[in-house]
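# Structure at a glance
Single-letter residue listing:
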Amino acid sequence: MSKPIHRLMIALSLALASTTFAAPAVRADAVTDANAKAAALTAKAPTPVAARALCLTQVAVYEVMTRSITRASALPRRTSP
């Protein structure tokens with residue numbers, strides 16, 4: 001992987017991590033922010049690089065949302081006496 005593409009992927013990962021993991025709960029706003037940051041970072045990149053970066057962003061957002069939903073469903077539920 002060439003250095004500019006490698007730097008782009010690192011910047012995209014950091015932007016995604018700061019957007020997704022900084023929020024206490026996953027919301028649609030976090031997903032929208034991740035997409036906006038990914039699009040801004042890849043605006044001047046060649047089409048294949050931009051497509052791959054946006055794809056990686058979507059996969060990362062999906063994984064974070066899936067894990068947060070799994071964690072929330074694993075919490076014990078309070079039952080009424």
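The following refers to the structure shown. (Residues numbered from 1 in each chain as written. Predicted model: local features only at pLDDT ≥ 70, side-chain atom pairs only at ≥ 80, totals over all residues. Heavy atoms only, no water.)

### What about the overall build of the protein?
Short version of the rule: Strands here mean DSSP runs of E at least two residues long; helices mean DSSP runs of H or I at least four residues long; both are numbered from the N terminus. Burial classification: accessible surface area is computed with a 1.4 Å probe over protein chains only, and a residue below 20% of its type maximum counts as buried, one above 50% as exposed, and the rest as partly exposed. The criterion used for residue contact is that any of the two residues' heavy atoms lie within 4.5 Å. The protein chains shown are the only cover counted for residues, whose accessible areas, like all others here, come from Shrake-Rupley with a 1.4 Å probe.
Looking only at helices and strands, the protein has 3 helices and 0 strands in total. Along the protein, from the amino end to the carboxyl end, the secondary structure elements read α-α-α. By the burial criterion, 23% of the 81 residues in the protein qualify as buried. Taking contacts inside the protein between residues at least 6 apart in sequence as the whole, the part at least 24 apart equals 61%. Counting only carbon and sulfur atoms, one obtains 64% of the accessible surface of the protein, whose full area is about 6100 Å².

### As for the environment of methionine 65
In this fold, methionine 65 is placed in helix α3 (residues 47-74). Placed 34 residues apart in sequence, methionine 65 and valine 31 show a C-alpha to C-alpha distance of 9.2 Å.

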